[in-house]
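For reference, the chains in residue letters:
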Amino acid sequence: MSRQKLVGKSVARREDPRLLSGRGRFVDDIALPGMLHAQFVRSTVAHGEIASVDLTAVRQVPGVVAAFTADDLELGDITAQLGRPLSEFVPTAMPVLARDKVRYVGEPLAIVVARDAYAAEDGLEAARVTYTTLPPVTSEAAALAPGAPLVHAEAVRNTLVDVSLFATDGIDEIFESAPCVVQVESRTGRQNALPLETRGAVAHWDDREEQLVVHTCTQIPHQVRTVAARSLRLDERAVRVVVPDMGGGFGQKCVVGREEIAAAAAALRLRRPVKWIEDRKDALSASFLAREQHYQVRAAFDTDGRILGLDADVVCDMGAYSCYPFTAGIEPLMASAEMPGVYKVPAYRVRGRAITTNKAPTGPYRGVSRPQYVMVVERLFERAARELGLDPVEIRRRNVITDFPYTGVNNITYDPGSYLESLNLCEQLVKDEGWYGKQDAARAEGRHIGIGYACFSERTGYGSAAFAQRKMQVVPGFDISEVRMDTSGAVTVTTGTMSHGQSHETTMAQIVADELGLDIAKVRLHQGDTDRITYGFGTFASRSITVGGSAVRLAAAKLGDKLRAIAGARWDIDPDDVELTDGAARRRDGASDVLTFEDIADIAYLRAHLLPKDIEPGLTAAATFDVFNDGTFSNATHGVVVELHEGTGQVEILRYVCVEDCGVAINPQVVEGQCRGGIAQGIAGALFEQVTYDDQGEPSATSFMDYKVPTAHEIPDVLIHHLETPSAFTETGAKGAGEGGTIGAPAAVLNAVNDALRATGVELDNTPVTPETVHRALHLEATS
């Protein structure tokens, strides 16, 4: 009797024994003979011309080995490109070390290399930098004001992206004649992704291989290799990027940073290993940030609550530079393309802009604009329900997509999902727990309890076609996998994705073990090494299982075909009459013949003369996978119950319910972990986290004393219920699950807060919702 399938089972994470016992190996654990330590001289002004960078005193500090400016290293710039006209996109070069001008506080100007980290820090204090200061641009209003100072001379009105992707004919007439028009203006706070492990790199020159080896914690090792090679003017073969264990990324590490390139350049120049580890102050103030967006959106509805049109203007503050490879278009283009979401919107117009300011640059962060536009659209439905006297859940029922495949007004085709089913079930679970009755009782006692929902989809499995629509010069999409069996019957599988907490060592092994009929203990995953992995675009946008896992399954299937072919040849039967199970090839006709995988591998490698002429020696197979349609769409509904405390304005989350559908869940426990982690980050954005700047461009949050993050005390237990609508566009039926928790949480929490404020007449549309804001709203009720 063959074993049960592993896909769909909560197999224990294979990474855990190593990571939980302290045997993981992270960048900062790497120690090489003769290793030096690097830190960066950073700008202390937000906007200014560099008059001089004097490192004379730095080089005299005990323990300092070298100090380099941009002129010393002569590195090529990092420039992200879109294939759009200048009227839509303005490319801006990001120097590895600032040369003539600084554009934000914390911008790296020089690298100091010393015998230890303490001497490197001492060296920083000896640096003397003089500036001709310029007026900083620190807000959207300042950036777009007539005559505003320009962050980049080539970016007129400080605008990097200005694109109108959709404009339905006759939309103005629709709004003029609509019986109900509601609007929402919303601003969302600038956030930091806050991976537990900050950025870092260890670089050294390998004389034997004639390679610059860069160990770094990145989600995109091959793109780091490309940029490092181009910046250092090396062949790509001469650069090897290796990623050890990684303590989170959340998108912040799926762009190429300047510091890892500078550290590599210093190692190349000195021919000694160089380590750079980002401290938390720099991570909070000078790393890639996200989320600062401004939405002005209106929606037209008929008297039955059915949406007639959506009209949006989106402005995203992208900071000082475009990130590589995604560019400054990542946030406005995402919002513009996908805002209609789960709803049947018949008419749509949108303008999306990315502006540049004197702040740290913006990169991707879990969800990329979707938490923001979902929140705005969900607020529109709440407002329309109130105007039309409808139940907030009922108005959603009347508008969610129910017939699939569905091609939206945004020219995106949605694959089958459970939009209505998840909405209905989420509401029922909240009702079954008695929260509506508890809310009524609390209100009678003068307490403020609110219930809110958010219904949304998460586009996953972006293939080359989807990214090409953005006109990116670097077009992510496909993934390549190789599966190799050795003479002991054990399997090594490679993937171009890059785990930073997603359990790839477990889930990819489950896929391979099922495909080959193999014990999961016999499967080993290799990732994050540009010399071992043919090519890969890394991990972001929930692509690992949808794209990477599909390539892994295809490669394993090819290897399975070869195993069956060899066994079939030995038994003189058709390979289709051979099955693979329990680590062996067996005849489907019930005959007792068995060839273990060790037997087959022995033939394939050690006795290849026994192979038929049409079968090559060895047991290796490779496959690629791409998604050529519009991708896959996971979906979910979140339901939240909150209580607002009148004395303090604190928002307490009493209950959190998540009904999610990510297709086939390869490992349900892993999916639940993704949901819970994402929800925690979504709650953080809704209620706690924000980076602000003073009028001189100085960041306010440079430590956890200033940047408030939630703890386990503020994050509630989450009830998760799984639905399953398998995808027809991936090899496993899986859709992505990495970002949904973050996407839905801000909208659900904000709607619950507003429901609790219903009696005050105050509505909140901006995040984070602070205790001060809630306190003012509640006191308005008390004094009215």
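Residues numbered from 1 in each chain as written. Predicted model: local features only at pLDDT ≥ 70, side-chain atom pairs only at ≥ 80, totals over all residues. Heavy atoms only, no water.

### Remarks on the side chain of K359
Tracing the backbone shows K359 in the loop between β17 (348-355) and α11 (370-388). When its relative accessible area of 2% is taken as the criterion, K359 is described as buried. Within the structure, K359 has its side chain in polar contact with the side chain of D317 (distance 2.9 Å). For K359, the contacting residues outside a window of four places in its chain are R103, Y104, T138, S139, R190, E292, D317, G319, A320 and Y693. (Helix = DSSP H or I, 4+ residues; strand = E, 2+ residues; numbered from the N terminus. Buried < 20%, exposed > 50% of the residue type's maximum accessible area, 1.4 Å probe, protein only. Polar contact = N/O pair within 3.5 Å; in protein donor to acceptor, adjacent residues only side chain to side chain. Contact = heavy atoms within 4.5 Å.)

### Here's the deal with the packing of aromatic side chains
By the definition in use, this model includes 14 aromatic pairs. Judged by centre distance (5.2 Å) and plane angle (90 degrees), the rings of F404 and Y419 are edge-to-face. Taken together, the residues span a long stretch of sequence, with F404 in the loop between α12 (392-397) and β18 (406-407) and Y419 in helix α13 (residues 419-432) at a distance of 15 residues. Each member of the aromatic cluster is reached from another via a ring pair, and the members are F326, Y462, F467 and F540. Cation over ring: R271 sits above W205, and NZ or CZ is 4.6 Å from the ring centre. (Phe/Tyr/Trp six-rings, centres within 6.5 Å; stacked < 30°, edge-to-face > 60°. Lys NZ or Arg CZ within 6 Å of the ring centre and 35° of its normal.)

### Here we look at the sheet that holds strand β28 (residues 632-644)
With mixed pairing, the 4 strands of this open sheet are ordered in space as β20-β28-β29-β30. At either margin of the open sheet sits one strand with a lone partner, and together these are β20 (448-460) and β30 (718-723). Between one strand and the next, the sheet's axes are offset by a mean angle of 15 degrees, whatever the strand orientation. Across 10 bridges, the pairing between β28 and strand β29 (residues 651-661) is antiparallel. Bridge assignment links H638 to a residue of β29, and that residue is C658. Together, β20, β28, β29 and β30 form the strand contacts of α13, whose direction differs from that of β28 by roughly 25 degrees. (Pairing = 2+ DSSP bridges. Axes fitted to C-alpha atoms, helices over the stretch in contact; angles between N-to-C directions.)

### Quick notes on a negative patch on the surface
A cluster of like negative charges, contributed by E49, D71, E74 and D100, occupies part of the molecular surface. By secondary structure assignment, the location of E74 is in the loop between α3 (70-73) and β4 (78-79). (Patch = residues over 30% accessible without salt bridge, like charges linked within 9 Å, V, L, I, M, F, W, Y side chains within 5 Å. Areas by Shrake-Rupley, 256 points an atom, 1.4 Å probe, with all protein chains shown as cover. Salt bridge = Lys/Arg side-chain N within 4 Å of Asp/Glu carboxyl O. Lys, Arg positive; Asp, Glu negative; His and termini not counted. Charge placed at Lys NZ, Arg CZ, Asp CG, Glu CD.)

### Observations regarding the sheet that holds strand β10 (residues 180-188)
The 5 strands lie next to each other as β9-β17-β16-β15-β10, forming an open sheet whose pairing is mixed. At either end of the open sheet lies a strand with only one pairing partner, and these are β9 (159-167) and β10. Across the sheet, the mean angle separating the axes of adjacent strands is 10 degrees when strand polarity is ignored. Where helix α10 (residues 330-338) meets the sheet, it contacts β9, β15 (293-301), β16 (307-317) and β17, and its direction lies at approximately 175 degrees from that of β17. Where α11 meets the sheet, it contacts β10, β15 and β16, and its direction lies at approximately 145 degrees from that of β10.

### A closer look at the layout of surface pockets
Of the pockets and cavities examined, the second largest pocket occupies roughly 500 Å³. Forming the boundary of the second largest pocket are 23 residues, of which E382, P392, N754, D755 and R758 lie nearest the centre. Those elements that place two or more of their residues in the lining of the second largest pocket are α11, α12, α14 (435-444), β20 and α20 (740-756). Broken down by element, the residue count for the lining of the second largest pocket peaks at 5 residues, all from α11. (1 Å grid on protein atoms, 1.4 Å probe; cavity = no way out; pocket = protein on both sides within 12 Å on 5 of 7 lines; lining within 4 Å. Points joined across faces, edges and corners; volume = space filled by probe spheres on them.)

### A closer look at the pattern of salt bridges
Under the defined criterion, the tally for this structure stands at 57 salt bridges. Ionic pairing is found between D77 and R99, a salt bridge with its closest N-O pair at 2.8 Å. Highlighted residues: D77 in the loop between α3 and β4 and R99 in the loop between β5 (93-94) and β6 (101-102), separated in sequence by 22 residues. Residue class for D77 comes out partly exposed when judged on its relative accessible area of 32%.

### Comments concerning the packing of helix α16 (residues 504-516) against helix α17 (residues 544-571)
Where α16 contacts α17, the two axes come as close as 9 Å, and the packing angle between them is 35 degrees. Of the two elements, α16 crosses α17, and the hand of that crossing is right-handed. Of the residues in α17, those in contact with H504, T507, M508, I511, V512, E515 and L516 of α16 are S544, I545, G548, G549, V552, R553, A556, A557, L559, G560 and L563. Residue classes in the contact of α16 with α17 are distributed as 10 nonpolar, 6 polar and 2 charged. (Left-handed = near helix turned anticlockwise from the far one by under 90°. Nonpolar A, V, L, I, M, F, W, Y, C, P; charged D, E, K, R; others polar.)

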